[in-house]
Structures are given as C-alpha cells and as structure tokens.
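Working through the structure, step by step
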Amino acid sequence: MGFARYIPIAFLVAGLVLVQQVTQHTGTTFYLTQLTMAAYYALVITGLCLLMGYAGQISLGHAGFFAIGGYIPAALTTYNLEPLREKWLVQTLDAAGLLTAGQDLYGQQVLHVHPWPSCILALLLTAGLAFVIGMPVLKLKGHYLAMATLGFGTIVYRVFLAMPLFGEADGISAVPPFPLLPGVTVSGDFAARTENYYIAFGLLIVGLLFLINLVHSRIGRAFRAIHGSEEAANAMGINTPRLKLQAFVISAVFAALAGVFLTHYNGGIGPSEASVMKSIRYVAIVAVGGMASLWGVFFMGILLNFMSLRGMFGTYDDAVFGVILILIMLFAPNGLLRLHLWQRMRRWRGVDKPKSRTE
Amino acid sequence: MQFCLCHGGLVFFMTPELFLQYLFAGVTYGLIYAIVAIGFNIIYNTTGIINFAQGEFVMLGGMTAISLHHYLPLPLAIAAAVAITMVIGALIEMVFIRWLHNPSILRMIIITIGLSILIREGALHIWGEGVRALPYFNGNEITSIVVLGVGVSPQVFWVLGVCGLMVAALYLFFKFVPLGLVMRACAANRVAATLCGVSTKNMVTFSFVLSAGIGAMAGCVVSPITYSQYDGGTNLAIKGFTVAILGGLGNSMAAVAAGLLLGIIEAFSISVVPLAFQDAIAIGILLIILFIRPHGLFGNRSAAMLKEF
Amino acid sequence: MSFLAIQHLHKSFGGLHAVNDVSFALAAGEIKALIGPNGAGKTTLLNLLSGNILPDAGEVIFLGKPIQGLKPFQIARRGMARTFQNIKLFPEMTALENVMVGRHMRSRSGVWSGAGNLPWTWKEEAGIRRKSLELMEFMGIAEHAGTEAASLAFGQQRAVEFARALALEPDLLLLDEPAAGLNIYETAELAKLIRKVRDRGITILLVEHDMSLVMDISDSIVVLSFGRRIAEGNPLEIQNNPEVIQIYLGEDDA
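Being a predicted model, the structure only gives us computed values, none of them experimental.

Conventions and cut-offs
Residues numbered from 1 in each chain as written. Chains lettered and ligands numbered in written order. Predicted model: local features only at pLDDT ≥ 70, side-chain atom pairs only at ≥ 80, totals over all residues. Heavy atoms only, no water. Helix = DSSP H or I, 4+ residues; strand = E, 2+ residues; numbered from the N terminus. Rg over C-alpha atoms; globule rule 2.2 N^0.38 Å. Buried < 20%, exposed > 50% of the residue type's maximum accessible area, 1.4 Å probe, protein only. Contact = heavy atoms within 4.5 Å. Areas by Shrake-Rupley, 256 points an atom, 1.4 Å probe, with all protein chains shown as cover. Lys, Arg positive; Asp, Glu negative; His and termini not counted. Charge placed at Lys NZ, Arg CZ, Asp CG, Glu CD. Polar contact = N/O pair within 3.5 Å; in protein donor to acceptor, adjacent residues only side chain to side chain. Pairing = 2+ DSSP bridges. Axes fitted to C-alpha atoms, helices over the stretch in contact; angles between N-to-C directions. Parallel < 35°, antiparallel > 145°, perpendicular 65-115°, else oblique. Left-handed = near helix turned anticlockwise from the far one by under 90°. Buried area = accessible area lost by both parts, 1.4 Å probe. Salt bridge = Lys/Arg side-chain N within 4 Å of Asp/Glu carboxyl O. Nonpolar A, V, L, I, M, F, W, Y, C, P; charged D, E, K, R; others polar. Expected span 1.5 Å × (residues − 1). pLDDT = per-residue confidence, 0-100. Phe/Tyr/Trp six-rings, centres within 6.5 Å; stacked < 30°, edge-to-face > 60°.

1. Topic: the overall build of chain A
When you go through chain A residue by residue, the secondary structure sums to 14 helices and six strands. Its C-alpha atoms give chain A a radius of gyration of 22 Å, within 12% of the compact-globule value 21 Å for 359 residues. In chain A, which comprises 359 residues, the proportion classed as buried is 56%. For chain A, the share of sequence-separated contacts (at least 6 apart) that also reach a separation of at least 24 residues comes to 75%. Carbon and sulfur atoms make up 66% of the accessible area of chain A, which totals about 14,900 Å². Computed over 23 positive and 15 negative side-chain charges, the inter-centroid distance for chain A is 20 Å.

The structure is reproduced here in structure tokens:
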C-alpha cells in the first residue's frame, strides 16, 4: 500500500546511474567524490528534517551527534592496542574477533579495533546519549530548546577539541577503510570512487525510504500532530514526550551513521565537524528544503553541500548559509517549494476563495 | 588564612593572594556576562524574542573601536564605536524584524542566528582572523594597583566602573525616565501600551539600539584584557544567556548577581579543571538550570510570568 | 458507582480560588452542562478533568479509578476526549489527517513497522482512514477531507475538531463551548449532533454559554459561580432556581 511513494525513488536511482555514467564518459569522475560526501551530509540533514520539519523540535547540536559518530570509530580504529595486548579486556576483544592486527608504515606490529564493532558502538553510544540528553532537553520549548541543544553541541565540540585522545585541534587522521561486506569497502581510495558513490547513495536511499515510510505512518502523523499543537496531540492520547524522544534519537542515529561512513571515506575527522556552524548549516538546509518536505530537504542537502564542497562559495561559505537562513525565514518560512504560489494563482482566478481563519 | 577547595578528592590549598586574583578575574568576566544578559533582557522584554546576535554587539564594539583608534584618540574612538554599533542595532531591527507580523519563535531564533553568522563573517572579512586589543586605558599590561596585597590591573577597575555605571544608569532609566517607563509599559502589555498611544515598534527599535550600545561599550572596556576576535560573540552569547536564565529571563538586576556568580565560578574552576573545559562549565550550568529551574535561581514560577525589568 | 465522580476538587491560582471545593457526578449516557458567568471556573474545571492542569486537592474518579495527577494523554487513553474553547487543530494537516490522528490510541503500529511499511500496517491504515471518513460523513464535512485544516471555515473547523474527538471512541466527551461562533442554524444542527453522539453511547459534559442550547439538550445542569458549585438539577429546576437567576440577572432584577 502506498507504493506510489516509491516511484520518485526509482527516478532517483535512474538519475544517479545517469550521473555516474556521464561522469565516466566525460572523464569527470572527480565530481563523484564531492557527491559522495554530499550524500553523507544529506543523510544527517534528512534525519534532522524528521525532527525539525515533522516533529517540530529544533536542534542546534546535530553536528555533535555527527562528530560522535565520526570520532569514536576514528579513535578506536587508529588507537594501537598492541602495547596493551596482555590486558584481559584486549585479549577478550581479540578472542571475540573484534580486533584486527596489522603493520604500520614502519613495519611495527599494530592492533586496532575492527571498524564494524566500532561503528556499532558509535551508533549505540549516540542513541544512548541522545536518549539521556533528549529526556530533559525535549521538555523545553522555543528559545530554551534552541539554547540547550546549542549548549550540548558546544560541549561536544569543546571535548573533542580538548582531548588528546581525539587529536585536539588536528583531529584524527589515517582512519582505515571500512570493509562493509566482502568486496564492498568504504574508502577514499581513488579506485573505489564509483563503488563508494553507490555505497553512499545506497545508504542515503535506504535512510530516505525509512523516513518516507515513517512520515506516512501512524507515528509520522503523530509527529506532525505534535508540531501542530502539542496540547491537542496530548488530548488525542499521544504520548508526546516519548514520541519527541523517538524522533530525537532517530535523527541523532542518522547523524552518527553519516559520521561513521564519512570518516572512513575521508580517512579522518577534525573538530570543525562538531562546530556549531555545522549544526546551523544543517538547520539552514532543512529550512531551505521546506522543513516538512523530505524530498526538498534531500535535494537541497545534496545541492548545497555539493556546491560548498566544490568551493563554489569561496571564502563566503559560512556567510552563504547565514544569508540563506535569513532570506528563507523572512520570505518563505515554510521553505522555497511551499511558497503557496499555486494556491495564490488559484485564488486569483477565483477558484478557491480565501476562507476565514481562526486565531 | 587558607582557603580549601575540595573537589573530587583533590585538595587545593589556595593563598589569599591567589584567591583575590581569581576573585577579581571572576568579577571582571562576570560583569561582562551580566551586560550581555541585560542586553538579552532588554530585547526580550520588549519583543519576547531572544536575540542570538547579542554577543556580536560586544565583538563589534571592540573591533570597531580598535580600528578607529588608528585615527582617533581613545575616548572618541570608543564613543564612535558605540554609536556605530547602535546604528547597526537599529538597522538590524528595522530591516529584519520590524515588518514581520507575529512571527513564530522558531522563525525569530533562526533569523537572529543567521544575523549573528552574517555579522561574524562580515567581521572576518573586514578584520581577518587575527586577535586584536585596545590599549590599556591607563598604563599598560604590566601596570598594577595593589589591592589587599595583590596587584590588579587598572583596566579591571575600568570594567568594574563602566559596567557598574551602566547597570546603575539602566536601573534609573527604567525607573524614572519617561522613555524607560514607556518601554516597561510595552514589556508589561504591548496591546495596552499601543492603545495608550505608544509606538511599540519604535520601542522595539530603541531596545535594539540600547542593547547594542551597552554591548559595544562592554566590548570596548574589556578588550585590553580579553582581546577581541571576529568569533568572540558566540561564546559570549551562550554565557550571557546562561546568566540571563540563571537570573530569570527578563530580570536584569538578578542578571548582575547571576553574572558575578558565573564569572567567579568560572575563574575558580581553572584550579580544578583544564582551561579547555572552562566553557563547558558554563554550558553545563546552563543545561542544569534549564532542566531544574527554567525560571531562574532568583525568580519563582509565578514571578517569572510577570515580566519586569 | 458513578460513571464520573468529581469530589471536592480545588484549584487556586495565586490567591484566586478558580475551582473551590466542587463536587458532582455524571451518570453514564447523560448530557450534562456546566454553566456559569465568565470567570466562574468552568474551563479550569474542564482542564482539571482532562489533566491539562493539576488540582491542588480533591479527586476525580472516572470509570471507578482515580485519574487526577495523570498526564493528559493517559487520561485520554482511559476514555476521555475533549475539544478546546479556541479550536486546536493541527493547522498544516488536512481535515482527514486531523481526524486520523484521533485514531492514534486505537491503533498500534510503531516506528519499525511504520518505517518498514510492513504489510500488516496497511490494513490498520485502511481501517483508520475508513473510520475517519465515516466520522467526517457523520459530521457532514466529508467533502472537505482533503482541505488543509487552517483554510477551513470556522464552523467546519469546529466540526473537524468534534470528529477528531469522536475518533478516540471515548466514553466521555468534554465539549468546551461548542456553539461559540456558530450562527443560530449551525447551533440547531449542533444540538441534533450532540444528541446523536449521546445515542452512540457517549456521555457528554459540555461547557456552554448559549442557554437555549443548554436548556434544549441537557439532562442535567451544574451551575458554577466564583469557583463554587451553587446549583445542580434538570433544566427546569435550574431555570427556576432563585440563586441562579440572581447571578445571571443581577440582584436588582431578581
């Protein structure tokens, strides 16, 4: 039921294959690198769209979740456990097959955590943290919610910036590839460019499907109800604190998942990924995409991140997102695609007469 | 006399000199936070919105004064910087806020965040990433006045004096000056004020001018101590907001007490936690207060509903 | 055991006793009206029942169990639905979607089954849609099903809110000034509708200013004044109660 909603996905897949083929035949496959990165950022942004656009809860701290998703595997897969080999914890992990041994550039023996367990740990930690943070935070509204999430994001940024374990201002580099399945590896390797383009968009499409189905379901309807009037939603028997928390955790896990993959793809992560400016950028893109429009947010997420990553905004990169935020909120608070032009035209022609509205 | 700070099993013995050093540092920062918080409150009281660009006014004041000081003597440079920031405050209100009809809170949050980004990026392109400072108003960085056996920079007394004066002046302004009384009337009941012939829109503009002005002034006096940099505003905004919440949103006299409290806690925290986590302390306090006492330390629930300067 | 028993309910705001030691009971299947001058505490009482505000003292026993102190959504799940004095629809959702939200607690698909679009949710979704359309038909607003709630006319918005409350299949329906803003014909329609709802086995407690409506449909009436219950009885008794006449008409005319 509701299979019509899958038709755009089919077009999207066709479009993605087309782009890949065109770049291959015109020798411009370098575009795929930024498209891959843009896809991961779009994953964060579509997740945030569920929270902001549908459930109506602002978060100015989502870069924090992305960074947790990126930093934990980065630290675990690069930290050398070889000197700790005698410790029972390391031995237990090794016995469980969660560690990988290898040699570094100088031929030294190294022992790291395998990307799979570190990925799962990152996602679980993010979900747990989002749950713990979300419980008190989501009781807040308006300015208080905005400031509390901003505060959370800032703390995460400061912690990553201050801790030697996370490389302080330099971040973590030399993060190994992530062997997802035999023969399918997330890596920034030149030869794996096309493969990774499909991995990123495959993941994004799965995420998008999850969200599209969710917003069309009973739970999605309840999210939108909370957005419309929390009091009325409560009166419908909707457990609003629980549902807001669910939306928060889901969107946090989306951000962390993107963080894990992009970090393995880039081979590293730096503290700027956790910065407040990143969080605001995600909010800006959700706003441009139309708040409660997954497809709008999806396309804007790809487009704006691609342009930004290609350096099209030059030194005005952050300023561009500031301008976008202001213009959208001044002139089209419901997003560009929902300017209601269609309705206005109908009214003009006298098809729909404007009706009285309540307060 | 020995002060003992016990924390997590660590025991620090602190000399009275060190204690006073921390205290002065805490009071200096605390007053700046209080000024930012009062800036938040002035705009919040007349409009019901939180201006996320509040910290940018402080940065703008400091940066503009530094640039103008190349051409003007210090007092004139500061006066001109404050005036320019006030004009910017007025422009922001007139261009972005004034003509919106009944905007949602989410919309206002996002607009003022966008403004703060624009101001910051504008500052980056004008002044670059470098750290700048105004010269010390008296003497230089090694001049010190001995108070209770410790050397304190005279600039600290400039900060104390100017911020103290501003707080006192604001208090009198809102208590006795007709314009101040009208602004309070707008804060208490916008519709009633309109009915009495008050132009609430002009009052909103004026509240932006006023909070831009006090922010810029604070940015100038503190610049020699804390330096000015294009991205200094965000941090101040978070601290100022913490203080505004601690004191109870809208309550500016309590904000002064809360500002001093936060400043002193931060200053003493240096002896317990690494410097890098100092900001995290303020934010931690903010989060805890939001969760347990959103109406502030000094307010009570019903008083929080009666907006009062 | 009564259907709903309100016992010594008390709520004050600062020094104002908005609801002062109020007790009364509802029998299953009756239409009870709550009337009184402005500021008598009627809406406060309704908000106390639905859990939107917490009482200072007193008990509310609904279907044999105390419900005071429960959260609004928990009270809704016990079988109490309500409408709001100033209509609270979900403005950006269509009229049909608004009513479908009312089926929330009568359906159960969760995050995973919804996100996976699992086959068993299709049937549930279809059921929600059918039931919601049926209720909109009942309210006479089915042709507006696809219209965004915010762009509906005032009377239609009231009807959508009514249908949404009915979608909960409540045992008790609280109506907060359902006739406010309706013209005389619409009010007559509303009277018929409320009776029809009662005939479906739903008990109704309504707060209303329109005395003709109240006298027309109520089985019994409770009168509040300054937070106190001053009278209770059938419409005829209330109309002839000197104290009620006094508070409504003023002492001089009594």
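Additional details are given in the paragraphs that follow.
2. Some remarks on the side chain of Ser218 of chain C
Residue and element names in this part refer to chain C. Among the secondary structure elements, Ser218 is positioned in the loop between α8 (211–217) and β9 (220–225). A polar atom in the side chain of Ser218 sits 2.5 Å from the backbone oxygen of Val214. Ser218 has contacts with Ile31, Ala33 and Pro235, leaving out every residue within four places of it along the chain.

3. Comments concerning the environment of Tyr22 of chain B
Structurally, Tyr22 of chain B is set in helix α1 (residues 16–47). Once the C-alpha coordinates of Tyr22 of chain B and Ile265 of chain B are considered, the two residues, 243 residues apart in sequence, prove to be 9.4 Å apart.

4. What to know about the sheet that holds strand β2 (residues 16–26) of chain C
Residue and element names in this part refer to chain C. Reading across from one edge, β2-β1-β4-β5 is the order of the four strands in this open sheet, with antiparallel pairing throughout. The two strands at the open ends of the sheet, each matched to only one other strand, are β2 and β5 (65–66). Alignment of strand β4 (residues 57–62) against β5, held across two bridges, turns out to be antiparallel. Counted as the bridge partner of Ile61 is Pro66 from β5. The strands touched by helix α1 (residues 42–50) are β1 (4–13), β2 and β4; relative to β1, the strand with the most contacts, the crossing angle is about 115 degrees.

5. Things to note about the packing of helix α3 (residues 74–97) of chain B against helix α4 (residues 105–127) of chain B
Residue and element names in this part refer to chain B. Axis separation between α3 and α4 bottoms out at 12 Å; the angle between their running directions is 135 degrees. Regarding the angle of α3 to α4, the classification is oblique. Here α3 and α4 pass one another in a crossing that is right-handed. Contacts from Ile92, Phe96 and Ile97 in α3 reach Met108, Ile111, Leu115 and Ile119 in α4.

6. What about the pairing of β9 of chain C?
All names here are of chain C. Along β9, six of the six residues are buried, which leaves the element largely enclosed by surrounding structure. Here β9 shows no split at all, with Ser220, Val222 and Leu224 on one side and Ile221, Val223 and Ser225 on the other all buried. Relative to β9, strand β3 (residues 31–35) is paired through four bridges, and the arrangement is parallel. From the neighbouring strand, Ile35 faces β9, where its bridge partner is Val223.

7. Here we look at the interface of chain A and chain B
Chain A puts 37 residues into the contact, and the matching count from chain B is 39 residues. Buried area between chain A and chain B, summed over both chains or domains, comes out near 3,400 Å², and the portion from carbon and sulfur atoms is 84%. Together, His143, Tyr144 and Met147 of chain A form the three largest contributors to the area buried by chain A at its contact with chain B, with a combined 23%. Run the count over chain A and chain B and you get zero salt bridges. Elements with a contribution of two residues or more to the side of chain A that touches chain B: α5 (115–137), α6 (142–162), α11 (276–289) and α13 (317–331) of chain A. No other element matches the 14 residues that α6 of chain A contributes to the side of chain A that touches chain B. Residue composition of the side of chain A that touches chain B, by class: 29 nonpolar, six polar and two charged.

8. A word on α11 of chain A
Residues and elements named next belong to chain A. Between its first and last C-alpha atoms α11 spans 20 Å; for 14 residues at 1.5 Å apiece the expected length is 20 Å, and the two agree. Burial analysis of α11 places 14 of its 14 residues in the buried class, which makes it a mostly covered element. Just downstream of α11, Gly290 is the residue with a positive phi angle, here 110 degrees.

9. Quick look at the interface of chain A and chain C
Counting from both sides, the interface comprises 38 residues of chain A and, opposite them, 45 residues of chain C. Summed over both partners, the interface of chain A with chain C comes to about 3,500 Å²; 58% of that surface belongs to carbon and sulfur atoms. Here chain A is connected to chain C by three salt bridges. For Glu97 of chain C, the salt bridge is made with Arg224 of chain A, and the minimal N-O distance between the two is 3.1 Å. Counting across the chain A and chain C interface gives ten residue pairs in polar contact (both at pLDDT 80 or more). Counting residues per element, the side of chain A that touches chain C draws most heavily on helix α8 (residues 218–228) of chain A, which supplies seven residues.

10. Quick look at the confidence of the model for chain A
In this model, chain A carries a mean pLDDT of 89, and residues with pLDDT of at least 70 account for 92%. Confidence over residues 339–359 of chain A falls short of pLDDT 50; this stretch has 19 contacts with residues more than four positions distant or in other chains.

11. Some words on the packing of aromatic side chains
Residues and elements named next belong to chain A. Taken as a whole and judged by the stated rule, the model has 33 aromatic pairs over all chains. Between Phe65 and Phe248, the ring centres sit 5.6 Å apart and the planes meet at 80 degrees, which makes this aromatic pair edge-to-face. Of this pair, Phe65 sits in helix α3 (residues 62–78) while Phe248 is found in helix α10 (residues 240–266), placing the two residues 183 residues apart along the sequence. Phe248 matches Phe65 in its accessibility class, with the two residues each being buried. Where Tyr71 meets Phe160, the ring centres are 4.0 Å apart and the plane angle is 15 degrees; that geometry is what we call stacked. With Tyr71 in helix α3 and Phe160 in helix α6, this pair connects stretches of sequence that are 89 residues apart. Grouping residues by exposure puts Tyr71 and Phe160 together as buried. Three or more aromatic residues link up through ring pairs in this structure, and these residues are Tyr40, Trp116, Phe178, Phe261 and Tyr265.

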